[in-house]
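Architecture at a glance
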Amino acid sequence: MSENKRYYITTPIYYPSDKLHIGHSYTTVACDALARFKRMQGYDVMFLTGTDEHGQKIQDKAADKGVTPKEYVDNIVEGEGGVKALWKLMNVSYDRFIRTTDDCHIESCQKIFTKLYEQGDIYKSVYKGHYCKPCESFWTASQLVDGKCPDCGRDVYEAEEEAYFFKTGKYADRLLKLYEDNPQFIQPESRKNEMIAFIKQGLQDTCVSRTTVPWGIPVPFDTKHTMYVWVDALSNYVTALGYGNSAYNDYDKFWPASIHMVGKEILRFHTILWPAMLMALDLPLPERVFGHGWLLMNGGKMSKSIGNVVDPIILCGRYGVDAIRYFLLREIPFGNDGMFTNEALISRINSDLANDLGNLLSRTVAMCEKYFGGTVAPTATATDFDDDLKAIVSAMPELVAKDMDELLIPQALQEIFKAIQRANKYIDETAPWALAKDESKKDELQNVLYNLCESLRMAAILLNAFLPNTAPKMAEQLGMDAAELDFANLTWGAKTSFTVHKGEALFPRIDVNKELAELAAQDAARKAEAEAAAKAAEAPKAEEKPAEEAAELEHLPEITIDDFAKCEMRVVKVLECERVKESKKLLLFKLFDGERERTILSGIAKWYAPEDLIGKHLVIVANLAPRPMMKGKYVSEGMILSAEDNEGNLTVLQVSESIKPGAQLC
Ligand code: MSP
């Protein structure tokens, strides 16, 4: 294998702070498709994924559960329904899985930290600044947006402590030159400008140690410090190859990475801090970093704290792994954000997979069996439509390869489906059922069926990178060995005859209305169950209340400060407000919450005219699970706080307009 035929692709390493959701599967499935495609092109591929297991958040979660942090992450990574099980279910063909708690990773990180310290790129000082706990990021005052974390908009707190710093600032010019000399380094192009602007506003040194987070890799020469999680996490890309440890021996072969695939919010760490660390270590730089967009749900990034996560295990169980892989890879323009909805998923499954692909295979196989006992070979008798079909199918491999090189994954699938649609049209044009009625057209009919089998064979070889369960099923029905699903066979006519075997439908068609009704009913049942459970938990206390007291003021059971801390209350500005036509009680609000627009429905129409509330600053509970209302016509993303007195008078809580949207109640 020649030197340039190696390909090193990485996903971000995931925080095992909770079970992964379908948004996490998006990155991994995209990397998997690319890794499979490259392997089939003959590259020696190293596909790395793993988990990023240190930091305050994990430490807190473990403490909540009363287990050690290692026990906590072991369960989420290795346990039932955990990270590794999910990747197995989703057919993710990673070559290596790194955990940042692996001894070899810890050993290498400590060597890296020590080397950078000894050569003067890391120095000891005092940290004074602002720390965002959820993002585990330090910010200077000038980087804050309205006093909040510029990444997530949440509160930061002031911190002052002894700490080690990495001289990121020293590398500012070299980073800018790197981007200029290597236009492909940051992709998509639009994101590069954000990084340039970030550096030009003044690149600060990075605080790279903490004394207050014990769950981290100890700084070897000063063990009251642990390493900043991002230094630990980013290093995984080289430690997993054996840099600084003897557990692996792949560094020389695979470094530098061909591509780091990351979500857009962590692009900065990968295109500033990481290359600066590599420059300091005098190591080659990755060839490119691609920042993809997010999978959105109800208008927001899927996230556990918003409560809008979709469980990939449930989806795969209901629709099959390849249907979910196909949706993720096809529906979302790679690089941009895309929406997850049940409707879009079902529509993709029905139109592309069941209709276009599934029907083409079942019709072709059925006709081969019916008219030729299952075996067809080319004959010299062509139809007027053959050339066009052959041209489109033959052009497909090169077009798909080009799209994959440019990371245009949905377009690559589109090329394959263009050929599949062309083949379906070819059936309509040649009307094999009519040819079958005329004995003199037998050769023509056989040729038509051979052309269809050949089109399906070529499509199956390419689809094997994207739909690894489906392509072998196609091969089986076409009477091919799975080994024939090989890029070397991607030429028209490479298979000289087919003996087909009818099998099950690849993707059974879904009855959309029935399915949506069933999903809605399941959702309602889940919510009712949760509400009943919540009520049951409160019931004994309510009964204990003396009747006269209950009639006056409603008291809820006592809670701890931690219970209260779970409630995220934010100031919002009312952008629009109108009555909901179908309801006497509801007002429909468009609000700005400091980060984005939200829709909330509130049952206060009896007390307020919509125009009285426009422009006002109100308070909402921001982390309530989004709730479909009015038969799913609207989704309410939170609750507006009001106060109701004993006479039933209701007043919406308004705050001064000097309190900016996004400000959090604490
Ligand atoms: N641990 C860091 C990465 C360190 S890499 C050296 C991290 N972990 S994460 O679990 O929070 O996110 C992992 C990846 O999943 C990120 O690239 C992130 O963008 C991606 N996604 C998380 N939610 C997502 C969506 N809703 N949609 C698309 N990708 C999403 O960040």
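Scroll up to find the structure this text is about.
Per-chain numbering applies: the sequence of each chain, read as written, is numbered from 1 onward. Local features are withheld for residues below a pLDDT of 70 in this predicted model, meaning they are given only at 70 or higher, and side-chain atom pairs are given and counted only at 80 or more; totals for whole chains, interfaces and linings count all residues. Side-chain metrics rest on all non-hydrogen atoms present in the structure, leaving aside hydrogens and water.

Let's shift gears to the overall build of the protein. Secondary structure is summarised from DSSP: a helix means a run of H or I of at least four residues, a strand means a run of E of at least two, and numbering begins at the N terminus for each. When its secondary structure is counted, the protein shows 23 helices and 27 strands. The C-alpha atoms of the protein give 29 Å as radius of gyration, which agrees with the globular expectation for 666 residues (26 Å, within 12%). Across its three principal axes, the protein shows a C-alpha extent of roughly 90 × 70 × 45 Å. For the exposure calls, accessible area comes from a 1.4 Å probe over protein chains only, and a residue counts as buried if that area is under 20% of its type's maximum, exposed if over 50%, partly exposed in between. Among the 666 residues that make up the protein, the fraction classed as buried is 52%. Any pair of residues with heavy atoms lying within 4.5 Å of one another is described as a contacting pair. Within the protein, contacts between residues separated by at least 24 positions form 74% of all contacts whose residues are at least 6 apart in sequence. Roughly 30100 Å² of accessible area belongs to the protein as shown, and the carbon and sulfur atoms make up 51% of that amount. Under the counting rule used here, the positive set is Lys and Arg, the negative set is Asp and Glu, and His together with the chain ends is not counted. By convention, charge coordinates are those of NZ in Lys, CZ in Arg, CG in Asp, or CD in Glu. Positive and negative side-chain charges of the protein, numbering 77 and 98 respectively, have mean locations separated by a distance of 2 Å. Only C-alpha atoms enter the radius of gyration; for comparison, a globular chain is expected to reach 2.2 Å times N to the power 0.38, where N is the number of residues. In this description, accessible areas are obtained by the Shrake-Rupley approach with a 1.4 Å probe, and a residue is regarded as covered only by the protein chains that are shown.

Here we come to the pattern of salt bridges. What counts as a salt bridge is simple: a side-chain nitrogen of Lys or Arg found within 4 Å of a carboxyl oxygen of Asp or Glu. For the coordinates displayed, the defined rule picks out 42 salt bridges. One salt bridge connects Arg348 with Glu331, and the closest N-O pair in it is separated by 2.6 Å. Taken together, the residues span a long stretch of sequence, with Arg348 in helix H14 (residues 342-372) and Glu331 in helix H13 (residues 321-331) at a distance of 17 residues. The exposure class assigned to Glu331 is partly exposed, which follows from its relative accessible area of 26%.

Bringing the packing of aromatic side chains into the picture now. For this analysis, a ring pair means two rings from Phe, Tyr or Trp (six-membered ring only for Trp) whose centres lie within 6.5 Å, classed as stacked if their planes differ by under 30 degrees, edge-to-face if by over 60, and tilted for the remaining angles. Under the definition given, this model contains 24 aromatic pairs. Centre to centre, the rings of Trp230 and Phe269 are 3.8 Å apart; their planes meet at 5°, and the pair counts as stacked. Of the two residues, Trp230 sits in helix H8 (residues 229-234) while Phe269 sits in helix H11 (residues 267-281), which places them 39 residues apart along the sequence. Take Trp230: its relative accessible area is 8%, and that puts it in the buried class. Of the residues examined, Phe269 reaches a relative accessible area of 7% and is grouped as buried. Ring pairs connect the aromatic residues Tyr8, Tyr237, Phe254, Trp255 and Trp274, which therefore count as one cluster. When the ring centre of Tyr15 is taken as reference, the NZ or CZ atom of Lys57 above it lies at 4.6 Å. Counted as over-ring charges are cases with an Arg CZ or a Lys NZ within 6 Å of the ring centre that also lie within 35 degrees of the ring normal. The ring of Tyr131 carries the charged tip of Arg210 above its face, separated from the ring centre by 4.4 Å.

Glancing now at helix H18 (residues 442-463). The α-helix advances 3.6 residues per turn, and as a result positions three or four apart in sequence lie on the same side. Along its 22 residues, H18 runs 31 Å from first to last C-alpha, staying within 8% of the 32 Å computed at 1.5 Å per residue. Most of H18 is tucked away, with 20 of its 22 residues classed as buried. How far a helix is expected to stretch is found by multiplying one less than its residue total by 1.5 Å.

Moving on to the sheet that holds strand E2 (residues 44-51). In space, the six strands of this open sheet follow the order E3-E2-E1-E11-E12-E7, with parallel pairing throughout. Each edge of the open sheet is held by one strand with a lone partner, namely strand E3 (96-99) and strand E7 (186-187). Note on pairing: two strands pair once DSSP finds at least 2 bridges between them. Examined bridge by bridge, E2 and E3 share four bridges and lie parallel to one another. What sits directly across from Gly50, in E3, is Ile98. The axes used here are C-alpha line fits, helices contributing only the stretch in contact, and every angle between their N-to-C directions lies in the interval 0 to 180 degrees. Across the face of the sheet, helix H1 (residues 22-40) comes into contact with strand E1 (6-10), E2, strand E11 (259-263) and strand E12 (289-292) while running at roughly 165° to E2.

The next point concerns the site of the ligand. A single heavy atom is enough: if one lies within 4 Å of a molecule or strand, its residue is considered near that molecule or strand. Taken together, 26 residues form the shell around the ligand, and within it Ile13, Asp52, Gly263, Glu265 and Leu295 come nearest. We define a polar contact as two N or O atoms separated by no more than 3.5 Å, with the added condition that, inside protein, one atom must be a possible hydrogen donor and the other a possible acceptor, whereas residues neighbouring each other in sequence contribute only through side-chain atom pairs. The contact in question runs from an oxygen atom of the ligand to an N or O atom on the backbone of Tyr15, over 3.1 Å. Elements that contribute at least two residues to the shell around the ligand include exactly H1, H8, helix H9 (236-239) and E11. Top element by residues in the shell around the ligand is H1. It accounts for four residues. Gly counts as polar in this scheme, as do all residues outside two lists: the nonpolar Ala, Val, Leu, Ile, Met, Phe, Trp, Tyr, Cys and Pro, and the charged Asp, Glu, Lys and Arg. Within the shell around the ligand, the residues separate by chemical class into 14 nonpolar, nine polar and three charged.

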